[in-house]
Amino acid sequence: MLFKLGSLLLHPAFKYALIVLALLFPLFASNEYQVYVMASAFVWAIAVYGLNIITGFCGQLNLAHGGFFALGAYTLGLLSADYGWSFWPAFVAALLFTAFLGFLVGVVSLRLKEHYFAIFTLCVGFIIYLLLDKWEELTHGPIGVRDIAAPNGFGLVDFTQTVPFYYLVLAFLVFAMWFMGKLSRSLLGRTFVAIRNGDELAQSLGINLMRNKTLAFVLSTTYAGMAGALYAGMIRFIGPEDANVQHTFDMITYLLVGGIGTISGPLLGTVGIVWITQSLQFLEEYRMIIFGPLLVILVIFFPRGFVGSFLTWMHRESQKQAAPSKKKESRVSTGKGVENNA
Amino acid sequence: MNLFFQNIVNGLTLGSIYGLVALGLTLVYGILHIPNFAHGALYMVGAFMSYFLMVDLGAHYWVAMAGSAVIVAGLAVLCERLVFHPLRHSPPIHDKIAAIGILLFLEAVIQMFWGSDFRRMSSPFTGIMNFDGLIIPEQRALIIVGALVLVVALQLFLRKTMTGATIIAMAQNREGAFLVGIDANRVAMMTFAISGVLAAFAATLYAPINLVYPAMGHIVIMKAFVIIILGGMGSIPGAIVGGMIIGFAEAFGGFYISTSYKDIIAFGLLVLILSVRPQGLFAKGAH
C-alpha cells in the first residue's frame with residue numbers, strides 16, 4: 001500500500017500535480033494571510049535551492065547563505081528607496097551584485113578544505129551582518145530600509161496585492177526548480193556531485209575543482225540574491241537582522257529535513273516547516289528547541305532527509321518487486337547520486 | 001602613554017578570554033577533528049549557570065564558577081556521547097550540522113528559562129587598582145591571572161598525569177594510541193569535559209565586565225575559530241598566542257581605528273590570512 005502511494009509520488013506527472021495544486025492554492029486558502037505565508041515559504045524555498053547547489057550537490061557547507069540573501073534584499077532595497085530605481089532594474093542589479101560577490105568570496109574561500117570553508121563563510125556572513133548594521137551612511141544602520149519598491153506590474157497586475165505577488169513568486173520558484181532539475185541531469189550537475197564524493201577522486205577524473213566549485217557557489221549566491229530581492233519586494237522593509245546567522249541555520253534545517261541533494265526535498269522541507277511553525281504560533285519563539293534536536297536526529301539517523309531517505313527506500317522496494325531473486329546487478333543504487341524526481 | 005598601557009591591559013584581558021575559549025575548541029579539534037560550532041553555546045551556558053547559581057541561588061562567586069564548570073563539563077560530555085560519538089564515521093559535513101543543532105537547542109532552552117534580555121552579573125571583585133595612574137579594575141586582573149593559572153594547570157595535567165598522557169598520545173597518533181590500548185571513548189569524553197570546563201571558566205570570568213544574554217556566544221565562538229586558524233588548528237600554544245593577537249588587535253584597533261568596527265577586525269584578519277595562506281598561519285599541514 002505504502003509502496004503504491006510512493007510510486008505515485010515518483011511518477012513524472014507528480015510534479016505537474018504539485019504545480020496545479022500551487023496554482024489553485026489561493027482559491028481554496030481560507031484567507032489572504034495563508035496565501036502570504038505560502039508566498040514567503042516559496043521565497044525561502046528559492047534560497048534553499050541555492051543552498052542545495054553548493055551544500056547539497058557540491059558538499060561544501062556554506063554558512064554565509066543568509067548573508068547573501070540579505071545582500072540581495074539590501075541591493076534592491078537601497079537602490080529603490082534611496083536612488084529611485086524601479087523594481088525590475090533593481091532586481092537585476094541585486095542578482096548581478098550577489099553573483100559578483102559570490103564570485104569574489106568563492107575564489108578566496110573554495111580553495112580551503114572542508115572545515116576551513118565552513119568557518120570562513122561563517123565569518124563572511126558575520127561581516128555582512130556587521131557592515132549592514134554599522135555602515136550607517138550607506139545602509140541606514142539599525143533602523144533599516146523603508147519604502148522599498150514593489151514589483152512593477154506594468155499597469156497590468158498590481159503586485160502589492162498578495163495574490164498576484166504569490167503567483168509572481170511561484171513563477172520564480174518553478175523556474176528555480178526547473179533549472180535545478182536541468183542542472184542535476186546535466187554533466188555540470190554530475191560534476192558537482194563528483195566533487196562532493198571527494199576532491200581527490202574528482203580531480204583524478206580531470207575535473208577542474210576550482211572552476212566548478214566557484215560556478216556552483218556563484219549559482220547558489222545568485223539564488224540567494226533572487227530570493228532576498230523578492231523578499232524585500234514582499235516585505236517592503238528590511239533591517240540588519242535579516243542578515244542574522246539564524247536565517248542560515250533555518251535554511252540548513254529546511255534543506256536537511258526535506259532532503260539534501262534532492263530536487264523536491266528543499267521545497268517540501270521548507271513549505272512543511274514554515275507551515276508547521278506558522279500554525280503552531282506559540283512555537284515560533286521556541287522553535288529552535290525542536291529544530292536543534294531535529295538537525296541532530298536527521299544527520300544521525302536520516303542523513304538524506306525525509307525525501308532522500310524515502311527515495312532510497314522506494315528504490316530498494318522497486319528493485320525487490322522488479323527482480324525478486326535474479327539479476328542482482330540491475331542498476332547501481334542511486335543512493336549517492338542526484339535524484340531526478342518530481 | 002598611559003592610554004597605551006591601558007590598551008595593553010585591555011588587550012591582555014580580551015586575549016585571555018578568547019585564548020581560554022579557543023583552547024577548548026582547539027583541543028577538541030586537535031584530538032577528535034571536530035570543529036565544534038556548539039562551543040560558543042557551551043560558553044554561553046557557562047555564563048548563565050554562574051548567573052543562576054550566584055544571583056538566583058545566592059552562591060559565592062567561586063562556588064558559582066566551580067558549579068558552572070561541573071555542569072558545562074557534564075553537558076559537553078553528553079554532547080560527545082549522544083551526538084558526536086554516533087557521527088564519528090560520517091562525512092565531515094554531518095559533524096558541523098549536528099554541532100549547529102546543539103547550538104540552536106542550547107540557546108533556545110536558555111532563552112526559554114531566562115528570556116533574551118541582557119543581564120548583569122556582579123562579582124566580589126569590584127575594586128580598582130591604581131598603579132601610578134595606570135588603572136586596572138580587579139576583575140580584569142583576575143581574568144589575566146585566572147587565564148594564566150588555567151593554562152599552566154592544563155599544561156601540568158597534560159604533561160604530568162597519566163590521563164593527560166593518553167590525551168596527548170591520541171592527538172599525536174590515533175592508530176598508535178589504539179595499538180597501545182588507549183580507550184578512545186574515555187579520551188573523547190575527557191577532551192570534551194576539559195573544553196567545557198575552560199568555556200565555563202572563561203564565561204564566568206568575563207561575565208562581570210560584560211553582559212549575559214543567550215546570543216553572547218556567537219561573536220566569541222567566531223573569534224575563537226579565527227584564533228585557532230591563526231594559531232594552527234589543534235595547537236595549544238597557537239591558541240594562546242592567537243588569542244593574544246586578536247585581543248590586542250581589537251583593543252588597539254578599537255581605540256585607534258574605530259570602536260564600531262572593532263568586531264570586524266578579527267574577521268577581516270581571517271579573510272586576509274586565509275586568502276594568502278589557505279592552510280592557516282602556523283599550520284604545519286592541515287588535518
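First things first, this report covers the structure right here in the doc. Worth saying up front: this structure is predicted, and the values here are computed from it rather than measured.

**Topic: the overall build of chain B**
Part 1 of the reasoning: Looking only at helices and strands, chain B has 11 helices and two strands in total.
Part 2 of the reasoning: Each helix (α) and strand (β) of chain B, taken in turn from the N terminus, gives the series α-α-α-α-β-β-α-α-α-α-α-α-α.
Part 3 of the reasoning: For 287 residues, the compact-globule estimate of 2.2 N^0.38 gives 19 Å, and the C-alpha radius of gyration of chain B, at 19 Å, lies within 12% of that figure.
Part 4 of the reasoning: Overall, the C-alpha framework of chain B stretches about 60 × 50 × 35 Å when taken along its three principal axes.

**Here we look at the environment of Ser30(A)**
All names here are of chain A.
Part 1 of the reasoning: Tracing the backbone shows Ser30 in the loop between α2 (13-28) and α3 (32-57).
Part 2 of the reasoning: Owing to a relative accessible area of 61%, Ser30 belongs among the exposed residues under this scheme.
Part 3 of the reasoning: Sequence spacing of Ser30 and Asn52 is 22 residues, and the spatial spacing of their C-alpha atoms is 32 Å.

**Digging into the interface of chain B and chain A**
Part 1 of the reasoning: Across the contact, 46 residues belong to chain B and 37 residues belong to chain A.
Part 2 of the reasoning: With both chains or domains summed, chain B and chain A bury close to 3,800 Å², and 83% of this area falls on carbon and sulfur atoms.
Part 3 of the reasoning: Interface area lost by chain B to chain A is led by Ile97(B), Leu104(B) and Met222(B), which between them contribute 15%.
Part 4 of the reasoning: Counting across the interface, chain B meets chain A through zero salt bridges.
Part 5 of the reasoning: The interface formed by chain B and chain A holds zero residue pairs in polar contact (both at pLDDT 80 or more) in total.
Part 6 of the reasoning: The biggest single contributor to the side of chain B that touches chain A is helix α4 (residues 92-114) of chain B, with 17 residues.
Part 7 of the reasoning: For the side of chain B that touches chain A, a count of residues per class yields 34 nonpolar, nine polar and three charged.

**So, the nonpolar core**
Part 1 of the reasoning: Ranked by size, the top nonpolar core spans 209 residues in total, and within it Phe42(A), Phe91(A) and Tyr43(B) carry the most contacts.
Part 2 of the reasoning: Counting residues per element, this core draws most heavily on α3(A), which supplies 17 residues.
Part 3 of the reasoning: Excluding residues within four positions of it along the chain, Phe91(A) makes contact with Leu76(A), Phe172(A), Met226(A), Ala229(A) and Leu230(A).

**Focus: the pairing of strand β1 (residues 128-131) of chain B**
Residue and element names in this part refer to chain B.
Part 1 of the reasoning: As paired elements, β1 and strand β2 (residues 134-137) share four bridges and run antiparallel to each other. Residue pairing for β2: Phe131 is matched across the bridge by Leu134.
Part 2 of the reasoning: Here β1 folds back onto β2, and the loop between the two strands holds two residues, one of which, Asp132, carries a positive phi near 55°.

**Here we look at the packing of helix α4 (residues 65-83) of chain A against helix α5 (residues 87-109) of chain A**
Residue and element names in this part refer to chain A.
Part 1 of the reasoning: At a closest axis distance of 8 Å, the pairing of α4 and α5 adopts a crossing angle of 145°. Two packed elements cross with a definite hand, and for α4 against α5 that hand is right-handed. Within the contact between the two elements, α4 uses Phe68, Leu71, Gly72, Thr75, Leu76 and Leu79 and α5 uses Phe87, Ala90, Phe91, Ala93, Ala94, Phe97, Thr98, Leu101, Gly102 and Val105.
Part 2 of the reasoning: Of the residues assigned to the contact of α4 with α5, the class counts are 12 nonpolar, four polar and no charged.

**What about the environment of Gly66(A)?**
Part 1 of the reasoning: Assignment of secondary structure puts Gly66(A) in helix α4.
Part 2 of the reasoning: Taking the C-alpha atoms as reference, Gly66(A) lies 16 Å from Leu76(A); in sequence the two are 10 residues apart.

**Points about the environment of Ala202(A)**
All names here are of chain A.
Part 1 of the reasoning: Here Ala202 shows up in helix α10 (residues 199-204).
Part 2 of the reasoning: Between the C-alpha atom of Ala202 and that of Phe192, which follows or precedes it by 10 residues, the distance is 9.0 Å.
Part 3 of the reasoning: Among all residues touching Ala202, those that are not within four sequence positions of it are Ala194, Ile195, Ile207 and Leu209.

**With respect to a nonpolar patch on the surface**
Residue and element names in this part refer to chain A.
Part 1 of the reasoning: Where nonpolar side chains cluster on the molecular surface, the patch consists of Tyr16, Ile19, Val20, Leu21, Leu23, Leu24, Leu27, Phe28, Tyr167 and Val174 and spans about 930 Å² of accessible area.
Part 2 of the reasoning: Those elements giving two or more residues to the nonpolar patch turn out to be α2 and α8 (162-185).
Part 3 of the reasoning: Here Phe28 is to be found in helix α2.
Part 4 of the reasoning: Taking relative accessible area as the criterion, Phe28 reaches 52% and is therefore assigned exposed.

The rules we used
- Residues numbered from 1 in each chain as written.
- Chains lettered and ligands numbered in written order.
- Predicted model: local features only at pLDDT ≥ 70, side-chain atom pairs only at ≥ 80, totals over all residues.
- Heavy atoms only, no water.
- Helix = DSSP H or I, 4+ residues; strand = E, 2+ residues; numbered from the N terminus.
- Rg over C-alpha atoms; globule rule 2.2 N^0.38 Å.
- Buried < 20%, exposed > 50% of the residue type's maximum accessible area, 1.4 Å probe, protein only.
- Contact = heavy atoms within 4.5 Å.
- Buried area = accessible area lost by both parts, 1.4 Å probe.
- Salt bridge = Lys/Arg side-chain N within 4 Å of Asp/Glu carboxyl O.
- Polar contact = N/O pair within 3.5 Å; in protein donor to acceptor, adjacent residues only side chain to side chain.
- Nonpolar A, V, L, I, M, F, W, Y, C, P; charged D, E, K, R; others polar.
- Core = buried A, V, L, I, M, F, W, Y, C linked by side-chain atoms within 4.5 Å.
- Pairing = 2+ DSSP bridges.
- Axes fitted to C-alpha atoms, helices over the stretch in contact; angles between N-to-C directions.
- Left-handed = near helix turned anticlockwise from the far one by under 90°.
- Patch = residues over 30% accessible without salt bridge, like charges linked within 9 Å, V, L, I, M, F, W, Y side chains within 5 Å.
- Areas by Shrake-Rupley, 256 points an atom, 1.4 Å probe, with all protein chains shown as cover.

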